[in-house]
Amino acid sequence: MGENCRHRSRGSGSPTRHEAPPTPRHRRQQPRSACSPAEKGIPALASPLDLQTQTRGASTQTRGFLYGAPRPPALQPPPQPGGRVAARGCRAGALRRWHLRTWEPPLLPPGPGLRSSTAVMSAAIAALAASYGSGSGSESDSDSEGGRCPLPAADSLMHLTKSPSAKPSLAVAVDAAPEVAVKEDLETGVHLDPAVKEVQYNPTYETMFAPEFGPENPFRTQQMAAPRNMLSGYAEPAHINDFMFEQQRRTFATYGYALDPSLDNQVTTKYIGSVEEAEKNQGLTVFETGQKKIEKRKKFKENDASNIDGFLGPWAKYVDEKDVAKPSEEEQKELDEITAKRQKKGKLEEEKPGEEKTILHVKEMYDYQGRSYLHIPQDVGVNLRSSVPPEKCYLPKKQIHVWSGHTKGVSAVRLFPLSGHLLLSCSMDCKIKLWEVYGDRRCLRTFIGHSKAVRDICFNTAGTQFLSAAYDRYLKLWDTETGQCISRFTNRKVPYCVKFNPDEDKQNLFVAGMSDKKIVQWDIRSGEIVQEYDRHLGAVNTIVFVDENRRFVSTSDDKSLRVWEWDIPVDFKYIAEPSMHSMPAVTLSPNGKWLACQSMDNQILIFGAQNRFRLNKKKIFKGHMVAGYACQVDFSPDMSYVISGDGNGKLNIWDWKTTKLYSRFKAHDKVCIGAVWHPHETSKVITCGWDGLIKLWD
């Protein structure tokens with residue numbers, strides 16, 4: 001069937017020819033047989049201006065797509081394996097949907113081909129009914145009439161005939177998971193975790209009560225392995241009133257007996273626990289016995305306020321009150337035993353100070369002029385009596401001498417005051433040694449008297465005496481020349497640092513930082529404590545005198561720095577920042593203006609030593625590792641360098657102005673704990689370490 005369709009009009013039975021209206025532009029397609037509009041009998045369209053002036057025909061017309069007519073692309077059915085027969089149903093369904101749609105015909109020039117809208121609609125409906133009803137008859141009629149563009153019969157009926165060559169395609173079934181023979185018996189089903197309290201589905205009885213899989217914990221005790229439904233064990237459900245349960249529990253806790261819960265107590269009454277107590281109390285519970293009224297203690301009564309001397313009022317004593325509490329004989333025995341034990345412990349703690357003795361290592365103590373080793377030599381090439389520091393200092397380059405004599409690590413070294421021609425060292429081998437710095441550099445004398453490691457030493461201003469602080473809780477005063485122990489001091493606490501007052505008129509006073517957070521001041525002449533500075537919150541590590549010896553600075557494990565006036569036990573300056581660390585080693589600069597503090601965060605901090613005691617943020621010396629060690633800091637005499645040991649046994653030298661690390665070299669095998677720059681030499685540095693050696697560098 002072509003695009004020209006034959007319709008039957010409602011009014012007359014004679015068939016009339018009606019030309020189907022043209023397809024809109026967006027739906028227009030080329031028919032199967034290429035026919036021009038002129039061949040189909042459709043007159044040529046007028047220009048757009050002419051079309052605007054013409055009146056439109058029917059407002060709406062039913063648009064019909066008959067068999068054989070071209071379809072829009074949206075209605076083309078997808079290819080089906082069933083061939084054309086299967087496609088017919090899809091087409092018919094699509095056609096039914098499209099029949100109900102309306103369209104507005106384009107403007108056509110008036111001519112004999114146009115009829116009224118009613119006639120056109122009736123003709124289209126009749127044609128559709130005839131095509132669906134009569135099947136191939138209407139198609140043969142339209143073909144016999146012959147249009148302007150006749151189609152071959154084979155093409156027009158192609159969609160109705162079944163192609164003989166079309167064969168149904170066979171789908172090959174592919175099994176992605178074939179069955180595999182299994183040797184072992186596989187257990188199927190869902191396994192429940194025994195610890196799960198709630199399940200989201202209805203498990204079967206076999207799933208719920210299946211045995212547990214997996215190995216048992218070999219370390220479980222019998223109590224832990226037993227079935228439990230609460231922390232302390234397995235509580236069986238029992239029909240008992242909460243009040244009754246609490247009553248029996250409290251009775252058992254108070255009197256030691258309770259009803260036996262395993263028996264029916266309505267028939268027989270049996271108790272568990274203290275049966276004798278139950279019989280004595282006749283089985284009464286805590287709620288039934290009731291508290292006995294405690295008789296109040298009687299007081300002496302005298303409430304007459306007019307009796308001035310005898311009035312007692314609320315302050316009256318009890319009748320049975322005893323004024324003196326005297327222990328009984330048994331109690332007295334126990335007390336005596338306790339006091340005896342305490343006294344024994346105290347005797348053990350109060351260790352007797354070790355016997356002090358000294359060893360002179362040189363043949364003659366005095367020279368031909370009767371001078372001892374305390375005499376300052378004048379033939380060493382340097383004026384040791386001068387108070388003027390050298391003009392220019394240089395970096396030490398090489399090791400020129402090693403003093404060996406200590407069997408354990410050296411804790412500290414101190415040069416002889418002013419001249420520096422002698423060196424005093426204390427060690428963990430409980431000994432103190434005095435060495436020559438010039439000449440043969442011999443060990444002059446050994447001081448023995450401490451029973452534990454010596455922590456700190458300090459010369460007096462003249463150098464004739466020195467103090468030693470050790471872990472045996474004793475501070476001892478020694479004579480430098482003779483080696484005699486002059487006196488000893490203790491307050492049963494470990495002294496961590498000790499310092500003489502540098503003033504000439506206060507050479508009989510010294511202070512010591514103790515492990516019990518106190519700074520204790522002793523008088524040598526009386527041997528008694530004359531002052532205590534108790535403000536720190538941790539063990540005191542260092543004491544340094546500043547401001548012409550009127551004040552002293554102390555640091556502690558409480559990460560603070562405190563400044564004290566001499567003999568006033570209240571600190572007038574307290575420096576503590578959240579970012580500060582403990583500073584276990586502090587040194588005053590030669591010009592007395594700066595304090596170099598070895599901080600536990602691997603830095604050397606510089607504080608002003610005059611008035612404000614402010615941190616100098618521009619002078620921070622870094623690059624060494626000292627965390628955990630109280631490594632001593634020192635300055636060169638001309639204030640051009642800062643030196644310090646570190647935890648790796650290296651000696652570090654910084655430039656004072658730029659804070660740059662100028663030099664670093666290995667000085668000791670273990671921790672380099674002390675470093676001292678000689679006050680009269682341009683480049684001589686003395687170091688000590690935990691390897692037991694003292695070294696001289698130049």
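What you are looking at is a predicted structure, and each value in this text was computed from that prediction instead of being measured.

### Let's talk about the confidence of the model for the protein chain
Okay, step 1: Taken over all residues, the pLDDT of the protein chain has a mean of 80, while the share at 70 or more is 73%.
Okay, step 2: Ignoring residues within four places in sequence, the model shows residues 1-20, a span with pLDDT below 50, making 48 contacts including any to other chains.
Okay, step 3: Overall, residues 134-149 carries pLDDT values under 50, and its contacts beyond four positions in sequence, including any with other chains, amount to 24 contacts.

### Quick look at the pairing of strand β12 (residues 443-448)
Okay, step 1: Among the six residues that make up β12, six are buried, leaving the element largely enclosed by the rest of the structure.
Okay, step 2: Sheet topology places strand β7 (residues 357-360) next to β12; four bridges connect them, and they run antiparallel. In the strand pairing of β12, Lys-357 is matched with Ile-448.
Okay, step 3: Bridging between strand β11 (residues 431-436) and β12 involves five bridges; their strand directions are antiparallel. Residue pairing in the sheet places Lys-431 in a bridge with Ile-448 of β12.
Okay, step 4: If you look at the hairpin formed by β11 and β12, you'll find six residues sitting between the two strands, and Gly-439 has a positive phi there, around 70°.

### Regarding the pattern of salt bridges
Okay, step 1: Applying the stated criterion across every chain, the model contains 19 salt bridges.
Okay, step 2: Residues Asp-547 and Arg-550 are paired through a salt bridge, measuring 3.1 Å at the closest nitrogen-oxygen approach.
Okay, step 3: Arg-550 gets classed as partly exposed once you look at its relative accessible area, which sits at 45%.
Okay, step 4: A salt bridge links Arg-562 to Asp-571; its shortest N-O distance comes to 2.8 Å.
Okay, step 5: With a relative accessible area of 7%, Arg-562 lands in the buried category.
Okay, step 6: Of the residues examined, Asp-571 reaches a relative accessible area of 10% and is grouped as buried.
Okay, step 7: The network of salt bridges with shared partners includes Asp-547, Glu-548, Arg-550, Arg-551 and Glu-565.

### Examining the nonpolar core
Okay, step 1: Counting residues in each nonpolar core, the largest one holds 20 residues, and the members touching the most others are Trp-403, Val-413, Leu-423, Ile-686 and Ile-694.
Okay, step 2: Those elements giving two or more residues to this core turn out to be β9 (410-415), β33 (672-677), β34 (685-689) and β35 (693-697).
Okay, step 3: Tallying contributions element by element places β9 first for this core, with three residues.
Okay, step 4: The contacts of Ile-686, once residues within four sequence positions are left out, are Trp-403, Leu-415, Leu-423, Gly-674, Ala-675, Val-676, Ile-694, Lys-695 and Leu-696.
Okay, step 5: Within the second largest apolar cluster, 19 residues are counted, among which are Leu-422, Phe-447, Val-454 and Phe-459.

### Here we look at the sheet that holds strand β31 (residues 650-655)
Okay, step 1: Within the open sheet, the four strands sit side by side as β29-β30-β31-β32. Their pairing is antiparallel. The open sheet is flanked by β29 (633-635) and β32 (661-666), the only strands paired with a single partner. Along the sheet, successive strands turn relative to each other by an average axial angle of 20°, direction set aside.

### Examining the UniProt feature "repeat: WD" (unreviewed entry) in the protein chain
Okay, step 1: Under the local residue numbering, the UniProt record ascribes the feature "repeat: WD" (unreviewed entry) to residues 403-437, 447-488, 533-565, 633-664 and 665-698.
Okay, step 2: Annotated as residues 665-698, this span is 0% helix and 53% strand, and its ends, taken at the C-alpha atoms, are 13 Å apart.

### Thoughts on the environment of Arg-535
Okay, step 1: Mapped onto the fold, Arg-535 is located in the loop between β20 (528-533) and β21 (540-546).
Okay, step 2: Not counting residues up to four positions away in its chain, the partners in contact with Arg-535 are Arg-562, Trp-564, Pro-569, Val-570 and Asp-571.
Okay, step 3: Among the polar contacts made by the side chain of Arg-535, one reaches the side chain of Asp-571 at a distance of 2.8 Å.

### Considerations on helix α9 (residues 242-255)
Okay, step 1: Look at α9: 20 Å from first C-alpha to last across 14 residues, which is about the 20 Å you get at 1.5 Å a residue.
Okay, step 2: Three or more residues of α9 are buried, namely Gln-247, Gln-248 and Thr-251. End-on, the buried residues of α9 take up no more than an arc of 90°, which puts them together on one face. Relative to its buried face, α9 has exposed residues pointing more than 90 degrees away, namely Asp-242 and Ala-253.

### Quick notes on the pairing of strand β10 (residues 422-427)
For a regular strand, side chains alternate in direction, first toward one face of the sheet and then toward the other.
Okay, step 1: For β10, the buried fraction is high: six of the six residues fall into the buried class.
Okay, step 2: Here β10 shows no split at all, with Leu-422, Leu-424 and Cys-426 on one side and Leu-423, Ser-425 and Ser-427 on the other all buried.
Okay, step 3: Both β9 and β10 contribute to a ladder of five bridges, which runs antiparallel. When the sheet's bridge partners are listed, Ala-412 is paired in β10 with Cys-426.
Okay, step 4: The hairpin turn running from β9 into β10, its antiparallel successor, is six residues long, and Leu-418 in that turn takes a positive phi close to 70°.
Okay, step 5: Pairing geometry for β10 and β11, over five bridges, is antiparallel. Residue pairing for β11: Leu-424 is matched across the bridge by Leu-434.

### Details of the sheet that holds β12
Okay, step 1: Reading across from one edge, β7-β12-β11-β10-β9 is the order of the five strands in this open sheet, with antiparallel pairing throughout. Whereas interior strands pair on both sides, the edge strands pair on one side only; in this sheet they are β7 and β9. In this sheet, adjacent strand axes meet at a mean angle of 15° when their direction is disregarded.

Reading the values: rules and limits
Residues numbered from 1 in each chain as written. Predicted model: local features only at pLDDT ≥ 70, side-chain atom pairs only at ≥ 80, totals over all residues. Heavy atoms only, no water. pLDDT = per-residue confidence, 0-100. Contact = heavy atoms within 4.5 Å. Buried < 20%, exposed > 50% of the residue type's maximum accessible area, 1.4 Å probe, protein only. Helix = DSSP H or I, 4+ residues; strand = E, 2+ residues; numbered from the N terminus. Pairing = 2+ DSSP bridges. Salt bridge = Lys/Arg side-chain N within 4 Å of Asp/Glu carboxyl O. Core = buried A, V, L, I, M, F, W, Y, C linked by side-chain atoms within 4.5 Å. Axes fitted to C-alpha atoms, helices over the stretch in contact; angles between N-to-C directions. UniProt positions renumbered as here; feature names shortened; annotations may be inferred. Polar contact = N/O pair within 3.5 Å; in protein donor to acceptor, adjacent residues only side chain to side chain. Expected span 1.5 Å × (residues − 1). Arc of directions from axis to C-beta.

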